[in-house]
Structures are given as structure tokens and as C-alpha cells.
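Below, each chain spelled out in residue letters.
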Amino acid sequence: MLRLFLALLLTLAAPGLAGAQGAMTAAKAKDLVRASLVAESEALVPGRTVTLGLHMAMKPGWHVYWRNPGDSGLPPEMGWRLPAGYSVGPVQWPVPERIPVQTLMNFGYEGAVTLLVPLKVPEDARIGETARLSGTLSYLVCEEICIPGSSELSLDLPVAAAAEPASGQAALFARARAALPEAAPGAYRTTREGERLVLHLDRPGLADVNGAAFFPYAEGALENAAPQDLAVDASGLRLTLTPGDTKGPPDALAGVLTLTEDGVRKAYALGPEPAAAPTTAAVPTAPEAPAAAPEDESLTLWSAAGLALLGGLLLNLMPCVFPVLSIKVLSLVRQAGESASRVRLHGLAYTLGVLASFLGLAGLLIALKAGGAGIGWGFQLQAPVVVALLAYGLFAMGLSLSGAVHLGGGIVGLGDGLTRRAGYQGSFFTGVLATLVATPCTAPFMGAAVGFALTQSPLAALAVFASLGLGLALPFLGLTLFPQALRLLPRPGAWMDVLKGALAFPVYATVAWLVWVLAQQVGPNGLLAGLTGLVLVALAAWAWERARGAGRLGTGLGRVAAVAALVAALGLVALLDGDRAAARGTALAQGEEAFTQARLDTLRREGRTVFVDMTAAWCITCQVNERTVLARDGVQAAFRAGNVAFLKGDWTNQNPEITRLLERYGRSGVPLYLVYRGQGEAQVLPQILTEGIVLAAIGQKDVAAAQ
């Protein structure tokens, strides 16, 4: 993901983005994928199950995805519209191919594929009537670019006492069944050997095996692009795999094993498939609405922009934004005696920095998602390099505020020692910094607005993100546009140096938090490299400051030493991404389980109430909710009393399975809180939790009152 991020960051210029948009517009998804809905029988028989086929034929060179798309992409998904009483079961997925895309490894299908779907006909279906089976098939089709597409599919079948096989479809369904994996031919197990996993298949007498591959059901379970080392001996087969970020017990690894034996490719299903509840729908009567639907169901562009504006305003109250805004308030005090026009220009420069940063991040996010990446808002903080660089920048700012180094007013928007142009640059880059430190926070109203934006056209999405940025910039902009408000601020004086030094400490606190986030993303060696980088930043600041007034030779040597220290720090940062395999992620408390879609499906089938917490170490809002609400004794007691399962999804590092659930509920980032009760849809809780909200959602309010 980091390589994708850096590559796109360097190439995301306006002409390039326009060219990509033109290419995506020119290549219509419907011209690349021909989709159809077919049935194995000519008619439907009451009480029987008939197999349907979702057939997709792709243009040469293009592909669609398997149930686990690999490092990027989205699997096809059918939104069914069925007569009352009809239901479909889980999709039967053919064996995929490994599809390398630069440094990524995806799993999918080229040429053509047929997904088999069982349809249960109700006992009371009336013979002689015609049932209309229809729905919307959504998919992502990719070559060098990825294009989302959808097809409206329908099929009318009569209900009869008996049914003959559909004429002309026998060969298609025979090929589809032949492409499904078989049952395992022998006992299998997975063990851990050091940092790697070893899949053992007991099958003595294996013939000439010259290739094998394992496709995990769970996204993020393996490093998909890592080598899979094959060894065959008298007892069977050993395949050595590299685990991914979602660590679980070795025996939980399930998926499809393919091997080429005597020139013939064979495939075996190992372990249980992730189960999905049957899908039902009624026509013409609409299904009953869930208890709490996602907030953005009825959003329009204007209402989403309004919510984004409110969310941006509230971001100013978030703890991650406070240090930067404190510095800008201090700069306003210093500028209180300046001309009104110059103060206004500072406000406009700050606003421009905020808007440019929001639009840049939004454009990058849109481009990455169009390329099939499973990411969302705050994605850049899933890269340890970005976290470390942000920590180094804030650390340098803190040193400047503490007086350890004088970097000039243009760096943090303070003072007027530089030219007017440099001062405006300082305001601009303070807006950039405010945006970067705001992205870990999610304010109320933001989730629905951003989730809506990422489902719209690029122009509509950018309009919503611009509203979000305007909301963040509005308080400071308002003060500068109305200079009379500055008269309420105290006059500049010696007290400003004291306040300036005091403001360094919330900046240092932010640095400490970023180092803690880094500790969740990398192993011990990576953390040591990150901390050493902080020491080198301090060394660079000291050398730079010592060079001031040290004579021509001393100044030159000091500045060379400072630059060398910074280069060394950046060199250490470049090593961080290589230590991600040992990432620890967010710790699980007693009673919590790591989220997987398979585990959620199992708990729902058991009829248990499930609380889902989608979080990340870098998400300030998530951490506040967890410590002030979810960890409270009353809430924990209510969870135990109601036998509520608590699933925690850690999005600190990229996890496509979590991204998929976020998108399903109209979210582009964390936090997301869901409560499943019974067989109904999830109740989506607000992003800012209270104890009462949680207890009411899980139906345990009376238990907490008795505590």
C-alpha cells in the first residue's frame, strides 16, 4: 500500500488525473463485461432448490475478482430482488487465478466465469405463476486501470410441478461445477515455524507436482505477493506461507489449495468456508426497514456538503487539531496590530492551505479506490513512513516553540522576521499541517458525509471534501475577515514568549501519541529506527542553532551537520515499511475477539447479540470512545449479562475485510460501531458514544442501572 501511495502522490498532477478520468470514461464497464443470469432448470418446483448462474464474460486482458480479491479489488456482489418467500444461499466460487499487478498479487478470473447460486423456492409457490428473479450485479473490472460497473439482470421462470434441465445451459453449468474446488484428499494442518506458516497436506504417493498455490478465504490472512515455497516428500506436501497483518491461530487458516500434478491443475477446499446468511427479498412489498439504517441513505450532494461543513467545524475541537490551532491563535495575537488587509491575506492563505490539502488527499483517495485499493479516510496514517514523518515535523515545531532552534516565522506561522511572502507561506503550510493532524479524528456528521462522497462522481466527492476543509478553516478565516474581532485579543507583550513555550508541550504530546501509533504498526527494530530518527531531528536542530553566528566556517559546518542528520533520519524512515510483518496491532481486552467476517457470520447464526467496534490506533475519536465509554464497568457488566459478543476490527494497518464492512455501511473510515440483534440488519451507532447509547443498543440498559 505504501508503494501505491508514494507512486500516486508523485504522479497526481492535474493533467494526469484528467487523463485518467478520460480513460475511465472512455472505457465503459458494460463494454468490458457481459453479464447474464441463467438457471439450470426450465422451471421452478415448489419446495425445491434450483441452481442459478451469474455468468460474466470479460474482454481479453481484463479481469474480475474472487471472494478474497487479494491485495486490491472488490468481488462481484449481487443485490437480489426476489418474490416473497424466495431466498438465495451462499455463492459457490470457482477456483481463482493469481493475477500479479506490479508489486501486488490479486485473485480473480480472466476470460469468463460463472458464479453458482442456490435458489430456494418456497413450498407455497403457486403452480402456473411466473416468478421474476432479478437484481443488480456490481463488480470491479481491471486491467491497468479499474472501472466499477453494474448490470441489471433478470430472469422469468414459470412455477411447475416438475422441471426439465434448461436447454443449452448444461455445458455452462458443467464447466462451472468442474471449476469448483474438491474436498481435501487427505488430512491437512497448519503450523507456525518462526515468522512463517507451513501448510501440510498428508497425501502419500504424490506424483510429479510442479506448482502449488494457496488462496486464503480471509482477506489479509497472508502476504499475497510473498513467495509460496513448495516441498513434496513421501508423506505429502508442504507449502510455506508468509502471514499477513491479521494474525490468528495457525489452525484458523482456511482457503483453496491448487496444485499442478502430472500437468493437470487440481484444487482442494481446506477448512470451512465463510458462511453467509441466506438473502431474501419481497416484491412488490418492500422489506421491513432495519432498526437503524446508515445515516447517509437519503443524503443529497447539498445535505452531504452541509454535514461536511459542520463536521469540519467540529474538527477544530478535536485534541489532535488543538496544538496547531493554538499556534495560529498566537500568531493572530502578534498580527493584531497589523493592517486589516494583511490579516485577511493570512486568513486566506491558511484557508487555501487547508483546502489544497483536503482536495489533494481526497483526489489521491479517489484515484486509489478507482484502482481497486481497499482504503478509506485516514489511509495515509496506515503507512508507518507517513506517521514517522509527521512526528518528525511536529517535533521540529516543538523544538522551535521551546526556543531550542529558531526556524523563522514562515515555518509555523509565527513572527514577522521574514518577508511578507514568507509569512503568507507560513500561514499556508500551517493549514496543510492542520489538515494532516486532523485526519486521525472523526467528528460528528463527518462519517456520513465522507462515506457519501466516495460513492459519487469525482467532482461531487471533491465538492464534499472542499466543504469539510472549509469547515475546518472557517473559525480562523472568520477572525481574519473581521479584524474588529482581533481587538478583543490582548496586546502583544512578553507574556507571548511564555505562552509560546507552553504551547510546545501539546505539540510534544502529539509526537508521543504518533510514536505510540508507530509502535502498533512496526516491530521492535522499526520502533528503534523511528526513535533514532527523533534523536537525529534533535541533533539537526542543535547543529543548525549552533551554526548561527559561529563565523563563516562554523556556519557552513553546522549546516552541513544538520542536513546530514536530517538525511540520516529520512534514511531510517525508509526502512520502516519493511518491518511491518511484525506489527502488533491494537491489543484485545478480556472478552474481545478480533473481527473477521466469518466470525461475525457464525455469531449471527447462533443468534447472539454482536457489538462490532471498528477502530485504529491512530484514530483519536476511537481511543476516546474506548477509554471513556466502552471500558466503563457498567458497560462491561452489561456486555457480560447479555452474553454480547464484542468484535474489534483493527484498521491501524490496511485490512481489506474491514474496509469492505465500512463501505457496506456507507463509511470511509473509523470509527464505526455496529450492533447486530437477531437476524435483522445492524444498528449503526453515532461516532461519539455515550454509555446510554451503547446500553440501549444492546438491550441492557436496566442491567447498568442496577449496578
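Presented here is a report on the structure given in the accompanying data block. (Residues numbered from 1 in each chain as written. Predicted model: local features only at pLDDT ≥ 70, side-chain atom pairs only at ≥ 80, totals over all residues. Heavy atoms only, no water.)

1. What about the packing of helix α8 (residues 384-401) against helix α14 (residues 524-546)?
At a minimum axis distance of 10 Å, the contact between α8 and α14 shows a crossing angle of 35 degrees. In terms of crossing hand, the pair formed by α8 and α14 is right-handed. Across the interface between the two elements, Ala391, Tyr392, Phe395, Ala396 and Leu399 from α8 touch Ala529, Gly530, Gly533, Leu534, Val537, Ala538 and Ala541 from α14. For the contact of α8 with α14, the per-class residue count stands at 10 nonpolar, two polar and no charged. (Axes fitted to C-alpha atoms, helices over the stretch in contact; angles between N-to-C directions. Helix = DSSP H or I, 4+ residues; strand = E, 2+ residues; numbered from the N terminus. Left-handed = near helix turned anticlockwise from the far one by under 90°. Contact = heavy atoms within 4.5 Å. Nonpolar A, V, L, I, M, F, W, Y, C, P; charged D, E, K, R; others polar.)

2. Here's the deal with the packing of aromatic side chains
Aromatic ring pairs: the centre-centre distance and the angle between the two ring planes describe each pair. Applying the stated criterion to the full structure yields 11 aromatic pairs. Seen from their ring centres, Trp66 and Phe107 are 6.3 Å apart, and the 70 degrees between their planes marks the pair as edge-to-face. Of this pair, Trp66 sits in strand β3 (residues 63-70) while Phe107 sits in strand β7 (residues 104-110), and the two are 41 residues apart along the sequence. For the pair shown, Trp66 and Phe107 are each scored as buried. Members of the aromatic cluster, joined through ring pairs, are Trp66, Phe107, Phe215 and Tyr217. (Phe/Tyr/Trp six-rings, centres within 6.5 Å; stacked < 30°, edge-to-face > 60°. Buried < 20%, exposed > 50% of the residue type's maximum accessible area, 1.4 Å probe, protein only.)

3. Quick look at the packing of helix α5 (residues 301-315) against helix α12 (residues 458-481)
At a minimum axis distance of 7 Å, the contact between α5 and α12 shows a crossing angle of 30 degrees. The angle between α5 and α12 places the two elements in the roughly parallel class. In this structure, the crossing between α5 and α12 has a hand that is right-handed. Residue-level inspection shows Leu301, Ala304, Ala305, Ala308, Leu309, Gly311, Gly312, Leu313 and Leu315 of α5 in contact with α12, the latter providing Ala460, Val464, Ser467, Leu468, Leu470, Gly471, Leu472, Leu474 and Pro475. (Parallel < 35°, antiparallel > 145°, perpendicular 65-115°, else oblique.)

4. Here's the deal with the pairing of strand β16 (residues 236-241)
Here β16 lies mainly inside the structure; five of its six residues are buried. Taken together, the five bridges between strand β15 (residues 229-233) and β16 define a ladder with antiparallel strand orientation. Bridge pairing links Leu230 to Leu239 in β16. Linkage of β15 to β16, two consecutive antiparallel strands, is achieved through a turn of two residues. (Pairing = 2+ DSSP bridges.)

5. Examining a nonpolar patch on the surface
On the surface, a cluster of nonpolar side chains totalling about 270 Å² of accessible area is made up of Leu310, Leu313, Leu470 and Leu474. Broken down by secondary-structure element, the contributors of at least two residues to the nonpolar patch are α5 and α12. If you trace the backbone, Leu313 turns up in helix α5. (Patch = residues over 30% accessible without salt bridge, like charges linked within 9 Å, V, L, I, M, F, W, Y side chains within 5 Å. Areas by Shrake-Rupley, 256 points an atom, 1.4 Å probe, with all protein chains shown as cover. Salt bridge = Lys/Arg side-chain N within 4 Å of Asp/Glu carboxyl O.)

6. A closer look at the sheet that holds β16
Spatially, four strands are ordered β12-β13-β16-β15 in an open sheet, and the strand pairing comes out antiparallel. Every interior strand has two partners, whereas the edge strands, β12 (188-193) and β15, have only one. Neighbour to neighbour, the strand axes of the sheet diverge by 20 degrees on average, direction disregarded.

7. Points about the sheet that holds strand β18 (residues 264-270)
On the basis of which strands lie adjacent, the open sheet formed by four strands has the order β11-β18-β17-β14 and mixed pairing. Unpaired on one side and paired on the other, β11 (182-183) and β14 (209-216) mark the two borders of the sheet. Note that strand β17 (residues 255-261) and β18 share seven bridges and pair antiparallel. Bridge pairing in β18 places Glu261 opposite Val264.

8. Brief notes about the side chain of Asn106
Positionally, Asn106 belongs in strand β7. Here Asp71 takes part through its backbone nitrogen, which lies 3.4 Å from a polar atom of the side chain of Asn106. (Polar contact = N/O pair within 3.5 Å; in protein donor to acceptor, adjacent residues only side chain to side chain.)

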